[in-house]
Amino acid sequence: MFESERDAGVYTAALVERIVMGEKDPVLGLATGSTPIPLYEALVQLYRSGLDFSRATTINLDEYIGIPGQHEQSYRHFMQTHLFQHVNIQPDRIFIPDGMAEDLDAECARYDKIIRQHAIHMQVLGIGVNGHIGFNEPDDLLVSRTHVVQLRQATVESNARFFPTLDDVPKRAITMGVQAILQAQHIILMAFGEEKANIIQRAIMGEVRTDVPASILQLHRDVVVILDKASASQLDPSVYLAGSQPTSSQLL
Ligand code: PGA
């Protein structure tokens, strides 16, 4: 748990740096949204201090359907603005689903092939107020492969802050499935703010349920949860990592 989002971003960037420096061909699974912005700011700082991303491959979780990559609310544009244009990740090693693909099934299959070819060393995740990870929305079942998803009302409303009207918010997206997320060697789940406190409590301390998709992360053996005071406010303080206690899931 961190005092500020900035501190959390700096810490998380150090975890990512370890992968970028330690792996010959590092593969990072990346997320969009407000939450990872402090991480990307810190990674840009590390790049300016000499961290080399030239061998890194990045695979993003999701993309809206129906808005082109140049649209300022597309996730491609987000990544370009917050990270890619500032660091030396090679453009041909950047993967984001194409939300304008004519054949969406083929696009999902293409993306799964990319994921199979590049085993993800570290997956960065935010969490939706409804518990979604990527755009794997609460449902009776979770889909393992990359798929087209109809966004839930809570998600559309939450995303509306970035669009002129509710009607302009895309209602569908392509998202990586839960299999690819769970196959990542390391997972970092980030959440900030009071509005995430309840879902963080349910995801971490509650039952593993498909209507709380992030709870499936309890099944992974290497998840680091990065929180601020507000998002951690509904957790029992005894679950915080007390410095040296080795646990499979660390709450930081
Ligand atoms: P946020 O979105 O970081 O903008 O809160 C997180 C998410 O919906 O996964």
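The structure displayed is predicted, hence computed values, not measured ones.

About the thresholds
Throughout this description, residue numbers start from 1 for each chain and increase along the sequence as written. Under the rules for a predicted model, residues below a pLDDT of 70 receive no local features and side-chain atom pairs below 80 are neither given nor counted, while totals for whole chains, interfaces and linings still include all residues. Heavy atoms from the whole structure form the basis of all side-chain values; hydrogens and water molecules are not counted. For two strands to be treated as a pair, DSSP must find at least two bridges joining them. What counts as a helix is a DSSP run of H or I of at least four residues, what counts as a strand is a run of E of at least two, and both are numbered from the N terminus. Axis angles are defined between N-to-C directions and span 0 to 180 degrees, where every axis is a line fitted to C-alpha atoms and, for a helix, only to the segment in contact. Only heavy atoms enter the contact rule, under which two residues are in contact if any of them lie within 4.5 Å. The term salt bridge refers to a pairing of a side-chain nitrogen on Lys or Arg with a carboxyl oxygen on Asp or Glu at a separation within 4 Å. Relative accessible area decides the class of each residue, using a 1.4 Å probe on protein chains only: under 20% of the type maximum gives buried, over 50% gives exposed, and in between gives partly exposed. The distinction between a cavity and a pocket rests on a 1 Å grid over the protein atoms alone: a 1.4 Å probe fits inside a cavity but cannot get out, while a pocket stays open yet meets protein on both sides within 12 Å along at least five of seven lines, and a residue with an atom within 4 Å of a point counts as lining. Grid points are joined across faces, edges and corners, and a volume is the space filled by probe spheres set on the points. In this classification, the charged set is Asp, Glu, Lys and Arg, the nonpolar set is Ala, Val, Leu, Ile, Met, Phe, Trp, Tyr, Cys and Pro, and all remaining amino acids, among them Gly, are polar. Two rings belonging to Phe, Tyr or Trp (six-membered ring only in the last case) form a pair when the distance between their centres is within 6.5 Å. Interplanar angles under 30 degrees mark stacking, angles over 60 mark edge-to-face geometry, and anything in between is tilted. The pLDDT score gives, residue by residue, the confidence of the prediction method on a 0 to 100 scale. Here a polar contact is recorded for every N or O atom pair within 3.5 Å, except that within protein the pair must consist of a potential hydrogen donor and a potential acceptor, and residues adjacent in sequence are included only if both atoms are side-chain atoms.

1. As for the sheet that holds strand β3 (residues 62-64)
Across the sheet, which stays open at both edges, the three strands sit in the order β3-β7-β6 with antiparallel pairing between neighbours. Each edge of the sheet is formed by a strand with only one pairing partner; in this case those strands are β3 and β6 (147-150). Neighbour-to-neighbour, the strand axes of this sheet turn through a mean angle of 25°, independent of strand direction. Bridge count for β3 against strand β7 (residues 172-175) is three bridges, and the pairing is antiparallel. By the bridge assignment, Tyr 64 is partnered in β7 with Ala 173. Those strands touched by helix α4 (residues 104-117) are β6 and β7, and its axis lies near 30° from that of β7.

2. Thoughts on the pattern of salt bridges
Counted according to the given criterion, the structure contains eight salt bridges. Between Arg 110 and Glu 107 there is a salt bridge whose closest N-O contact spans 2.8 Å. With a gap of three residues between them, Arg 110 and Glu 107 both fall in helix α4, about one helical turn apart. Judged by relative accessible area, Arg 110 falls into the partly exposed class, the value being 37%. For Glu 107, a relative accessible area of 6% puts it in the buried group. One salt bridge in this structure joins Arg 209 and Glu 207, with 3.0 Å as the shortest N-O distance.

3. Focus: the layout of surface pockets
Volume-wise, the largest pocket comes out at about 720 Å³. Forming the boundary of the largest pocket are 38 residues, of which Thr 32, Gly 33, Ser 34, Arg 161 and Phe 162 lie nearest the centre. Elements with a contribution of two residues or more to the lining of the largest pocket: β3, α3 (75-82) and α5 (153-159). Class assignment for the residues of the lining of the largest pocket results in 15 nonpolar, 17 polar and six charged.

4. Section: the environment of Val 224
Along the polypeptide, Val 224 turns up in strand β9 (residues 223-227). With 81 residues separating them in the primary sequence, Val 224 and Val 143 have C-alpha atoms 23 Å apart.

5. Looking at the packing of aromatic side chains
The final tally for this structure, using the stated rule, is six aromatic pairs. Ring geometry for Phe 2 against Tyr 11: centres 5.3 Å apart, planes inclined by 45°, an arrangement best described as tilted. Arranged with centres 4.7 Å apart and planes meeting at 35°, the rings of Tyr 64 and Tyr 75 form a pair that is tilted. With Tyr 64 in strand β3 and Tyr 75 in helix α3, this pair connects stretches of sequence that are eleven residues apart.

6. Structural notes on the confidence of the model for the protein
Here the protein averages 93 in pLDDT, while 95% of its residues score no lower than 70. Scored below 50 in pLDDT, residues 242-249 makes six contacts in the model with residues more than four places away or belonging to other chains.

7. Quick look at the side chain of His 220
Within the secondary structure, His 220 is located in the loop between α7 (197-205) and β9. Owing to a relative accessible area of 8%, His 220 belongs among the buried residues under this scheme. At 3.4 Å, the side chain of His 220 forms a polar contact with the backbone oxygen of Leu 182.

8. Quick word on the pairing of strand β5 (residues 122-125)
Burial of the side chains of β5 extends over both faces: Met 122 and Val 124 are buried on one face and Gln 123 and Leu 125 on the other. Pairing analysis gives two bridges linking strand β1 (residues 27-30) to β5, with the strands arranged parallel. Bridge pairing in β5 links Gly 29 to Gln 123. Two strands pair when backbone bridges link them, and β5 and strand β8 (residues 186-191) are joined in this way by four bridges, in the parallel orientation. Bridge pairing links Met 122 to His 186 in β8.

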